[in-house]
Each structure stands twice: as C-alpha cells, then as structure tokens.
Amino acid sequence: MFTKFLDPKNDVAFKKIFGSEKNKDILIHFLNDILVFKGKRPICEVTFLKTTQDAETASKKTSIVDILCSDEKGCSYIVEMQVAQSKGFEKRAQYYASKAYSSQAKKGDKYHNLKEVIFLAIADYVMFPKKTKYQSDHVILDKESHEHDLKDFSFTFIELPKFNKPLCDLATLREKWCYFFKHADETSPQDLKKLIGNDLIIEKAYQELDSAFWTDEELRTYEKIEKQTKDYIASLEQKYDEGMAKGEAKGEAKLAAEKAKAEAKLAAEKAKAEAKLAEEKAKAEAKLAEERAKAEAKLAEERAKAEAKLAEERAKAEEEKILDRKNMARELREQGVSISIIQRSTKLSAKEIEDL
C-alpha cells in the first residue's frame, strides 16, 4: 500500500523531526510524553547542544549522538534511534551519558553544579529478551534498601518489536509515539485522523514525514541512509547465518566429541566393573573351595575318629566276648565238663582253656 509518509527511524528523518530548531516543540512534547519525571515539572524549553562530543585526549574515542540537548534547568538529554542491533549498545549508552556529564565541568566549577543526564533510546530490535514490557527505565539504586541516592543518571529504552498494540487500542501519548515510530511509513490518511485526535504535535511530526514537503536533496540523502541501513542489516543477518552455521557445525563436532568421550568413559567403567566382578567371583570361588576343603578335611577327621572309636568299641566288645567265654569256660571246667565240650561251647582253643 502506497503511503506518503517516510520512516521516522531513518537517521535523516529522525533528526529532521526531533533535532531541528523549528521542531523544538516536537522534541519537548516527545520527551515529556515518554520520560517519567517524579516530583519534577515537565520540560518547558530545550537548547540543542553539539552532538559530537570530542575526546579529551587522542587515545579516547569521540562520541557522536543523534540528539543532545539541555532543558531550562541545565539537565542534559541524549536521544538515540538504534535501527540495527549493535553489540555493546548498552555500554555505549553509559559512555555517552558519562561524556555528557563530564563535559559540564569547566575549569573552576564545583562538582555539586553538575546536572542530571537522561539517556533515551528507541531500538528497532529486542535489547532485553528477558523483559516483557516494551519500555524499561534504569536508574542507580542502593542494593539493599533500593533507595535512589545517585540521581544524576537515568536510562530509558523503548524496544519497538515488543510494542504490538493496534491503532484502535492506543490509550496514551506514549503509545501513540511508539505506534508512530513503528508504523508511520504505512499509516493511511484515515488511520492518521484516528491517531492524531486533538494532538497537534503528533500531527506536526507526521507533516514532517510527508515526502511531498522534502527537497530532492533531502530525499536522496534519505534513500542513501535507507540503503546503507538495509545493507548493514543484511550484512548482520549474513554474519548471523554464517555464525549459526559455524556454530551448528561446531556444536555437532562438540556433541560428537562429548558422545565419544561419554562412550569411552562408559566402556572404561564397564570394563572396570567387569574386572571387579571377575575379581570378586574369583575370591568367592577361592573362599568356597577353601571352605569346601576345610569341610571335607573336618568330615574326614570326624569319620576317622568315628571309625577309630567304632574299631575301639568293636575291639572292646570282642575282648568282653572273649572274657565272657573264658569265664564260661572256667565255670564249666570247675563243673568237670570236658575240654572238647567246652571248646564247642566257647569257641576257645584247648590251650586257652588249659591256661585258665
């Protein structure tokens, strides 16, 4: 669908709307709608400052921000539009803020004269995956009490991909601004009437995006930035895809190595367990053989004892029988029985009977 409005996320369009003297009222309106001023009055006036913050020494970086201004109280505001995901952007935000803070100090100035620095960024990508809300406000708090003692730095980030409200559900000016950044270049004249309502400032912001009022030179610059941005995003996506492919290959190699390591460990543990089992089995068999040998030796000893005892008892019994026969032979002899008869009765020899 054709629309006459350009994309406010484009660097040229963004600075045209929020970074020019003639549109100062749009910037003031925007800052008051987005930022939370607890116990403070809204901004009434801003002064644009030089966006290039020169380094104090050659070894330090020169920082260039999209918009840098101060209000009537001397507080500084840095406004950044971040279209493509940039590594370390959170650190860069803190660096920009610290540069703006330290640049206030002139020779002979007192530290207590330093004014607050507020950093505001609109990101067209997800910065904080764990956060669900599209806007997050960051300040310095005491770890235990959560008291806000260090008040001179605050950071606000708007993540446009997380803003998904349709036009019919917009309830606040903050939501209208988010819709403006996300959908301005696809807004129809009918939708524009619904969006603006009675807000003349947002209407003015849309007018600044109307390509009919841009010069050829401005449009060429706009298109150049668009191409550069798309090329940069495409290069990032290519690097991401290459990194993913490389990561997958690396991951597969790592997985294979871990699998081989795990299998080797399992095989070693299995061999160790089998060796231990064999050792325990050999010990058990040796112990069983030893106990069997002891039992057999004990049984043989007990059998020998029993046989010896039995033999002894048999011999004793035999002796008793012989003794009984001799006593019987003696009695028969005394009764005058003949030796031959006594022999038949006692099974004794003639000599044994005569010796009695």
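Computed from a predicted model, the values in this text were never measured in an experiment.

Now for the overall build of the protein chain. Looking only at helices and strands, the protein chain features nine helices and eight strands. For the protein chain, whose C-alpha radius of gyration is 54 Å, the value lies well above the compact-globule estimate of 21 Å for 356 residues. Taken along its principal axes, the extent of the C-alpha atoms in the protein chain is 175 × 55 × 50 Å. Within the span of the protein chain, comprising 356 residues, buried residues form 31% of the whole. Total accessible area computed for the protein chain in this model is approximately 24000 Å², and 55% of it derives from carbon and sulfur atoms. Each charge class in the protein chain was averaged separately, 67 positive and 67 negative side chains, and the resulting centres sit 3 Å apart.

When a protein is soluble and globular, its nonpolar side chains tend to lie buried together. Formed by 46 residues in total, the largest nonpolar core has its most connected members in Phe 18, Phe 30, Leu 31, Trp 177 and Phe 180. Among the elements of the structure, α1 (11–18), α2 (24–34), β4 (67–71), β5 (76–82), β6 (117–123), α4 (173–183), α5 (189–196) and α6 (200–208) are those that each provide at least two residues to this core. Sorting elements by how many residues they give to this core places α2 first, with six residues. With 20 residues, the next largest nonpolar core counts Ala 93, Ala 97, Ala 100 and Phe 155 among its residues.

Strand order across the open sheet formed by six strands is β1-β4-β5-β6-β8-β7, with mixed pairing between neighbours. Each having just a single partner strand, β1 (46–48) and β7 (135–139) make up the two edges of the open sheet. For this sheet the average axis-to-axis angle between neighbouring strands, irrespective of direction, equals 20°. Taken together, the four bridges between β4 and β5 define a ladder with antiparallel strand orientation. Opposite Ser 70, over in β5, you have Ser 76 as the bridge partner. The strands touched by α2 are β1, β4, β5, β6, β7 and β8 (153–159); relative to β1, the strand with the most contacts, the crossing angle is about 120°.

All chains considered together, the criterion is met by 16 salt bridges. A salt bridge links Asp 7 to Lys 9, with the shortest nitrogen-to-oxygen separation between them at 3.1 Å. Of the two residues, Asp 7 and Lys 9, both sit in the buried class. The network of salt bridges with shared partners includes Glu 21, Lys 24 and Glu 45.

Tallied over the entire structure, the rule returns 19 aromatic pairs. On the numbers, 5.7 Å between centres and 25° between planes, the contact of Phe 18 with Phe 181 is stacked. You can see Phe 18 sitting in helix α1 and its partner Phe 181 sitting in helix α4, a full 163 residues away along the chain. Each member of the pair Phe 18 and Phe 181 is classed as buried. Judged by centre distance (5.1 Å) and plane angle (80°), the rings of Phe 180 and Tyr 206 are edge-to-face.

As a further point, take a negative patch on the surface. Taken together, Asp 142, Glu 144, Glu 147 and Asp 149 make up a surface patch of like negative charges. The residue Glu 144 is located in the loop between β7 and β8 in this model.

Counting buried positions along β5 gives seven out of seven residues, so the element sits mostly inside the fold. Burial along β5 is two-sided: the residues Ser 76, Ile 78, Glu 80 and Gln 82 and Tyr 77, Val 79 and Met 81 are all buried. Hairpin remark: β4 followed by β5, antiparallel, with four residues in the connecting loop; positive phi at Gly 74, about 95°. The pairing of β5 with β6 spans seven bridges and is classified as parallel. By the bridge assignment for β6, Tyr 77 is matched with Ile 118.

Cut-offs and rules
- Note on numbering: residues in each chain are counted from 1, in written sequence order.
- Only residues with pLDDT of 70 or above have their local features reported here, since the model is predicted, and side-chain atom pairs are shown and tallied only from 80 upward, although totals for entire chains, interfaces and linings are computed over all residues.
- Hydrogens are left out, water is left out, and the side-chain values use all remaining heavy atoms of the structure.
- Working definition: helices are DSSP H or I runs of at least four residues, strands are E runs of at least two. Numbering for both runs from the N terminus.
- Put simply, the radius of gyration uses C-alpha atoms, and a globule should come to 2.2 Å times the residue count raised to 0.38.
- Here's how the labels work: a residue is buried when its accessible area is under 20% of the maximum for its type, exposed when over 50%, partly exposed in between, all with a 1.4 Å probe on protein chains only.
- In short, Shrake-Rupley with a 1.4 Å probe defines the accessible areas, and a residue's cover is counted only from the protein chains shown.
- Positive charges come from Lys and Arg alone, negative charges from Asp and Glu alone, with His and the N- and C-terminal ends not counted.
- By convention, the charge on Lys lies at NZ, on Arg at CZ, on Asp at CG and on Glu at CD.
- Among buried residues, those of type Ala, Val, Leu, Ile, Met, Phe, Trp, Tyr and Cys that are joined through side-chain atoms within 4.5 Å constitute a nonpolar core.
- Two strands are counted as paired when DSSP detects at least two bridges linking them.
- Interaxial angles span 0 to 180 degrees and are taken between N-to-C directions of axes, which are lines fitted to C-alpha atoms, for helices over the stretch in contact.
- Contacts: residue pairs with any heavy atoms within 4.5 Å of one another.
- Just to be clear on terms, a salt bridge is a Lys or Arg side-chain nitrogen sitting within 4 Å of an Asp or Glu carboxyl oxygen.
- In summary, the pairing rule links any two rings of Phe, Tyr or Trp, Trp by its six-membered ring, whose centres are within 6.5 Å, and it sorts them by plane angle into stacked for under 30 degrees, edge-to-face for over 60 and tilted for everything else.
- Like-charged residues are merged into a patch within 9 Å and nonpolar side chains (Val, Leu, Ile, Met, Phe, Trp, Tyr) within 5 Å, provided each residue has over 30% relative accessible area and no salt bridge.

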